[in-house]
Amino acid sequence: MGSYRAELLRLVKWPATWVLIGVWLVMTLTFGYVFNYVAYKSGDTSRGGGSGAQLMAQMMPAEAAEAVVRGLPMFGGAIVLVLAALAVGSGYGWGTWKTTLTAGPRRISAMGGTLAAVGTIVVVLVALTFVVDFGAALSIATMENQSWSMPSFDHVVQGLGAAGLIAGMWAAMGVFLGVITRGPALAVGLGLLWSIVAENLLRGVGALLGPVADVTKVLPGGAAGNLAGAFGATGAPGVLTDLSGVTASLLVAGYLAVFALIAAWLTVRRDLV
Amino acid sequence: MIVTTEKLTKRYGDKTVVDAVELNVRAGEVYGFLGPNGAGKTTTIRMLLGLVKPTSGTARVLGEPPGSPKALLRIGSLIEGPGFFPYLSGRDNLRVHARRRDRTDIEVDAVLEQVDLSDAKNAKFKSYSLGMKQRLGVAAALLGQPELLILDEPTNGLDPAGMADMRDLVRELKRQGQTVLLSSHLLGEVEEICDRVGVISNGRLVAESSVQELRGDTVLLVRADPFDIAERVVENSSVVDGALHVHASEEDAPKIVRALVEADVDVREIRPLRRTLEEVFFEMTAGVR
C-alpha cells in the first residue's frame, strides 16, 4: 500500500501526466466532435463520414460511450503507452528505482505499486474522457435542439470496461517496455513504432497473405481494435470487427496480465546496476 | 556484528569485480570503506543492499539477508549520488520516500531541518545545487532513524563547510549509537571520523582494522645534544636525517626525556611520527589507479 501511495503521489504531481491526459482529451474532442460538427454544419460529408444525419447521430449522448472507445485502440492507446513507458523508464535514468528498491518494500510490492498507480491514472484518463465526450455530446444536442437521449447504464458500464481494458493493456505494455529497456527513450520509441506503425503495416501485408491476416487479429493492437469494434465503436483507425467481444476481451486482458507479469518478474530478478 | 560477509563475490562474465570479500562492521562504529575508483566498493555496497545479487558467497546485514524488507527498513542509504524525481520539490521527494518506508510527513520535515534544507524544501529538486542534492540524499537516508547508515561518498559536491557539517553529523549519529558504513575517497575525512577501515583493491579486501592499527606503531622523533650520548642513552632507536627515531609509544616520551636529562643531554625536540592513512592507503593499493 505504501508503494502505491508513493507512486500515486509522484505521478499526480508529475506535469507529464497531465500534459499527456490533456493532449488525449483535446484529441478525442477535436476528432470525435469538433471536426464532425464543422463538417455537419458546413454540409461537407464528402470525407466518408456518412450523411449529415449519421454524423449528428454519432455526436449525440446516446453514442458518447462509443466515441470514447473508438479512439483508444490506436491513438489513445499510444498516449497511455507513452505515459507508462516514461513513468517507469525514467526511473532508471533518475536513479529513483535505486532509491525505491532500497527503501524497504519487496521488489514485487514496489512494481505492484507502480502498476496500480499507473492503472489509477488510466482509470482517471478514461473517466475524464467520458466526462468530456458526454459534455461535448450534450452541448451539441442542446445547440442543435436534439433530444438528450442517454445510453443505458449497462451500455455505459460496458463502454467503461472496454475503454479501461484497452487503455490498461497499452499502459501495461508501456510499463513492460520501460522495464525491459531500462530507459524512457527506447521504450517510447519502440512502443510507438509497434502501436502506430508495425501493426498497421502487418495488416497491409495481411491483405496479401491470409496467415498474416489471422495473426494480426490477435496482436495487441488487433485485439484492442476488435474489442472496440465488438462494442460498436466502429469508424476509426485501428478498429476491427473480426473477433467476438468475449474473445477480444480475453485477449486484451491476457496481454495486460502478461505484460504486467513480465515487468514484475524482471524487476524481481534483475540486478540494479 | 551489524554487517558480515563471507567470500562475497561478484563476477560479470570473465571479470571479477568483487573477489571473496570478508567484511565485518561492528555495532555502533563508523566504518570507513576505502578503495581506488573501480576497486569494487559500490558493487559491494549494492550487494549489501540487495540491489545486486552476489555470484557466490553470503552476506548478513542486521542479521538478515541483503535486500530483505526487514533489514532495509532499518537501513538508510545513499548510493552513488541521490536518486530523486527532478520535477518534485525536495520535500515532496521525501514524502514519496516516506510513504515507502511507512514514515510520516512530520518526520520528513524533521530530517529536512537536520540537513539544513528547510528553507529550500519547496524548491524543485532539479534546481538544487550538487551539495543540496547530496544533503537531500542524506536526509532520505536518515528518515526513520535507521540503525545502520550506508553512505557512499556522502561529501561529494559539498563545499568545505558542508563537508565539516557532514563530519559533525556522522559523529553525532555515532554518539546516538547508530552504525555508519562510509565509503569515501577523502582519506583525511575517514581518518578523522572512522573507528575502523576496510581497504579494497582490485575487488579484494586487503586490510581491515582500526585506523590506528593500520597506521602502525608510533615512532618518536628525538633531537638532542650531544647526539652521541643521546644515541647511547635511548634504546631501540635508529638514526634518520640527524635525528633519533625511537620505537616507543607516546606514553614513553616522559621517561625518555627524563633519561636524557639525567645524562646531561639537552632535548631540543621530541614528537610522535606516525604514517598517515593516505600513506598506508597508497602502499596497499600501489599500482592500482
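All figures in this text were calculated on a predicted structure; none of them were measured in a lab. (Residues numbered from 1 in each chain as written. Chains lettered and ligands numbered in written order. Predicted model: local features only at pLDDT ≥ 70, side-chain atom pairs only at ≥ 80, totals over all residues. Heavy atoms only, no water.)

Engineer: Any chance you could explain the overall build of chain B here in plain terms?
Structural biologist: Helices and strands together make up the secondary structure of chain B, namely eleven helices and 14 strands. With respect to the principal axes defined by its C-alpha atoms, chain B has extents near 75 × 50 × 30 Å. Residues counted as buried form 51% of the 289 residues belonging to chain B. Element-wise, carbon and sulfur atoms account for 46% of the exposed surface of chain B, whose accessible area totals about 13200 Å². (Helix = DSSP H or I, 4+ residues; strand = E, 2+ residues; numbered from the N terminus. Buried < 20%, exposed > 50% of the residue type's maximum accessible area, 1.4 Å probe, protein only. Areas by Shrake-Rupley, 256 points an atom, 1.4 Å probe, with all protein chains shown as cover.)

Engineer: Even after reading the chapter, I still don't get the sheet that holds strand β8 (residues 179–183) of chain B, so can you show me in this structure?
Structural biologist: The strands making up a sheet associate through hydrogen bonds between their backbones, and the pairing can be parallel or antiparallel. All names here are of chain B. The sheet built from six strands is open, its strands ordered β6-β7-β8-β4-β9-β10 with mixed pairing. Both outer strands of the open sheet, β6 (75–78) and β10 (204–210), are each paired with one neighbouring strand and no more. Ignoring strand direction, the axes of neighbouring strands in this sheet form an average angle of 15°. Pairing geometry for strand β9 (residues 196–201) and β10, over six bridges, is antiparallel. (Pairing = 2+ DSSP bridges. Axes fitted to C-alpha atoms, helices over the stretch in contact; angles between N-to-C directions.)

Engineer: In this structure, what is going on with a nonpolar patch on the surface? I would like to understand it.
Structural biologist: All names here are of chain A. There is a patch of nonpolar side chains on the surface, built from F75, L186, L190, L193, I196, V197 and L201 and spanning about 600 Å² of accessible area. Mapped onto the elements, L201 comes out in helix α9 (residues 184–206). Look at L201 and you get exposed, because its relative accessible area is 56%. (Patch = residues over 30% accessible without salt bridge, like charges linked within 9 Å, V, L, I, M, F, W, Y side chains within 5 Å. Salt bridge = Lys/Arg side-chain N within 4 Å of Asp/Glu carboxyl O.)

Engineer: Please clarify how the side chain of B:T43 should be interpreted in this entry.
Structural biologist: Mapping B:T43 onto the fold places it in helix α1 (residues 41–48). Non-local contacts of B:T43, meaning those with residues more than four positions away in its chain, are made with B:K10, B:V17 and B:V18. (Contact = heavy atoms within 4.5 Å.)

Engineer: Please explain the packing of helix α3 (residues 90–101) of chain B against helix α5 (residues 130–142) of chain B as it appears in this structure.
Structural biologist: When two helices pack together, their arrangement is given by the angle between the helix axes and the distance between those axes. Residue and element names in this part refer to chain B. Direction vectors running N to C along α3 and α5 enclose 30°, while the axes themselves pass 10 Å from each other. Judged by the angle between their axes, α3 and α5 are roughly parallel. In this structure, the crossing between α3 and α5 has a hand that is right-handed. Facing α3, whose interface residues are G90, N93, L94 and H97, α5 presents L136, A139 and A140. Considering only residue class, the contact of α3 with α5 consists of four nonpolar, three polar and no charged. (Parallel < 35°, antiparallel > 145°, perpendicular 65-115°, else oblique. Left-handed = near helix turned anticlockwise from the far one by under 90°. Nonpolar A, V, L, I, M, F, W, Y, C, P; charged D, E, K, R; others polar.)

Engineer: Sorry, what's going on with the domain arrangement of chain B here?
Structural biologist: Under the domain assignment used here, chain B contains domain 1 (3–214) and domain 2 (217–273). Computed from C-alpha atoms alone, the centre-to-centre distance between domain 1 of chain B and domain 2 of chain B is 44 Å. (Domains from an automatic or database assignment.)

Engineer: I would appreciate a short explanation of the nonpolar core in the present structure.
Structural biologist: Here is a general trend for soluble globular proteins: nonpolar side chains tend to be buried in one another's company. The biggest cluster of nonpolar side chains holds 82 residues, and the ones touching the most others in it are A:Y33, A:V69, A:F130, A:I166, A:V175 and A:V179. Grouped together as the second largest cluster of nonpolar side chains are 43 residues, B:L34, B:A98, B:L149 and B:V180 included. (Core = buried A, V, L, I, M, F, W, Y, C linked by side-chain atoms within 4.5 Å.)

Engineer: When you look at the interface of chain B and chain A in this model, what are you seeing that I'm missing?
Structural biologist: Reports often express the size of an interface as the amount of accessible area lost when the parts come together. Contact residues are listed per partner, giving 29 residues for chain B and 28 residues for chain A. Taking both sides of the interface into account, the surface hidden between chain B and chain A amounts to around 2600 Å²; carbon and sulfur atoms contribute 57%. Run the count over chain B and chain A and you get three salt bridges. In this structure, B:R100 engages A:E7 in a salt bridge whose closest nitrogen and oxygen atoms are separated by 2.4 Å. (Buried area = accessible area lost by both parts, 1.4 Å probe.)

Engineer: In this structure, what is going on with the packing of aromatic side chains? I would like to understand it.
Structural biologist: For any pair of aromatic rings, the description rests on two quantities: the centre-to-centre distance and the angle between the ring planes. Scanning all chains against the criterion turns up 13 aromatic pairs over all chains. Ring geometry for A:Y92 against A:W97: centres 6.0 Å apart, planes inclined by 35°, an arrangement best described as tilted. With respect to burial, A:Y92 and A:W97 carry one shared label: buried. Between A:Y255 and A:F259 the ring centres are 6.0 Å apart and the planes differ by 20°, which places this aromatic pair in the stacked class. Residue A:Y255 and its partner A:F259 are located together in helix α12 (residues 245–269), separated by four residues, close to a single helical turn. Among the residues examined, A:F259 registers a relative accessible area of 9% and is labelled buried. The rings of A:W14, A:W94, B:F85 and B:Y87 are connected pair by pair, giving a single aromatic cluster. Positioned over the ring face of A:W14 is A:R10, at 5.9 Å from the centre of the ring. If you follow B:K133 out to its NZ or CZ, it ends over the ring of B:F125, 5.3 Å from the centre. (Phe/Tyr/Trp six-rings, centres within 6.5 Å; stacked < 30°, edge-to-face > 60°. Lys NZ or Arg CZ within 6 Å of the ring centre and 35° of its normal.)

Engineer: Sorry, what's going on with the confidence of the model for chain B here?
Structural biologist: A low pLDDT score tells you not to read the predicted coordinates there in detail. Averaged over every residue, the pLDDT of chain B is 88; the share at 70 or more is 99%. Per-element mean pLDDT across chain B ranges from 76 in helix α11 (residues 277–284) of chain B up to 95 in α3(B). (pLDDT = per-residue confidence, 0-100.)

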